[in-house]
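The chain contents come next:
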Amino acid sequence: NRLSFDLASAKSFGKNTLVGHARLGASFGSEMPYYDQFPLGGFLELSGYANEQFRGNQLAFGSLIYYRQLATLTPPLGRGIYLGGSLEVGSIRDTLEFLTEPNTRFGSSIFLGADTWLGPAYLGMGVGGEGDSTAYFLLGRP
C-alpha cells in the first residue's frame, strides 16, 4: 500500500513567474520493493544530485521556483526564453520521521529555459546542500 500527493501552483506577475511545488508519499509502514519506492533527485527535485539518487518508503519534498521571460521567440520556433532558479528541500526515509538530520537534503539550481516547438528545453546547473553539483541539458518536461 502506498499513497502519494503532488501539488504545484504558479503565479505570474508580468514577465515573472513563481511556482510552488510540494510532494508527499507514504507506504504506511510497509517495506516496498525498490521499483515501487519513492525516488528523489535530479533537476528541480534536489538539483545538485543525480536523477533518482535517493529512494525510500516515505517522501517529503518542497520547492520554490522563480523564472523571468528574457525574450520572445517567433513562431514556429517557440514562445520564449527564460532565466530561472530554484530552492528545494527533501527527505527520503524508511520510517515516518521526516525532515530530520541526516535525511533532509537541500538543493538549488540556476537555469536557462526555452519554450520551443520541440517542447521545453533547459540548460542549467544544480548544487546540493553537501556541495555536490550537476549540470543539466534537458529536452522535454523535467
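Everything below is about the structure printed above this text.
Residues numbered from 1 in each chain as written. Predicted model: local features only at pLDDT ≥ 70, side-chain atom pairs only at ≥ 80, totals over all residues. Heavy atoms only, no water.

(A) Examining the pattern of salt bridges more closely. On inspection of all chains with the given rule, the structure shows three salt bridges. Between Glu 45 and Arg 23 there is a salt bridge; the shortest N-O distance is 2.8 Å. Here the residue Glu 45 occupies a position in the loop between strand 3 (38-40) and strand 4 (54-56), and Arg 23 occupies one in strand 2 (residues 16-26), the gap between them amounting to 22 residues. We classify Arg 23 as buried; its relative accessible area is 13%. In this structure, Glu 52 and Arg 55 form a salt bridge, with 2.9 Å as the shortest nitrogen-oxygen distance. (Salt bridge = Lys/Arg side-chain N within 4 Å of Asp/Glu carboxyl O. Helix = DSSP H or I, 4+ residues; strand = E, 2+ residues; numbered from the N terminus. Buried < 20%, exposed > 50% of the residue type's maximum accessible area, 1.4 Å probe, protein only.)

(B) Geometry of the environment of Leu 18. Along the chain, Leu 18 turns up in strand 2. For the pair Leu 18 and Gly 128, spaced 110 residues apart in sequence, the C-alpha to C-alpha distance is 21 Å. Those residues in contact with Leu 18 that sit more than four places away from it in its chain are Ser 9, Ala 10, Lys 11, Leu 64, Ile 65 and Tyr 66. (Contact = heavy atoms within 4.5 Å.)

(C) Focus on the pairing of strand 1 (residues 3-13). For strand 1, the tally of buried residues reaches only zero of eleven residues, placing the bulk of the element at the surface. Direction of pairing for strand 1 relative to strand 2: antiparallel, over a ladder of eleven bridges. Pairing of Phe 5 across the sheet is with Leu 24, part of strand 2. Between strand 1 and strand 2, which follow one another and run antiparallel, lie two residues, and Gly 14 among them has a positive phi close to 65°. (Pairing = 2+ DSSP bridges.)

(D) The arrangement of the side chain of Asn 57 in detail. With respect to the element layout, Asn 57 can be found in the loop between strand 4 and strand 5 (58-72). Polar contacts involving the side chain of Asn 57 include one to the main-chain amide nitrogen of Met 32, which spans 3.1 Å. (Polar contact = N/O pair within 3.5 Å; in protein donor to acceptor, adjacent residues only side chain to side chain.)

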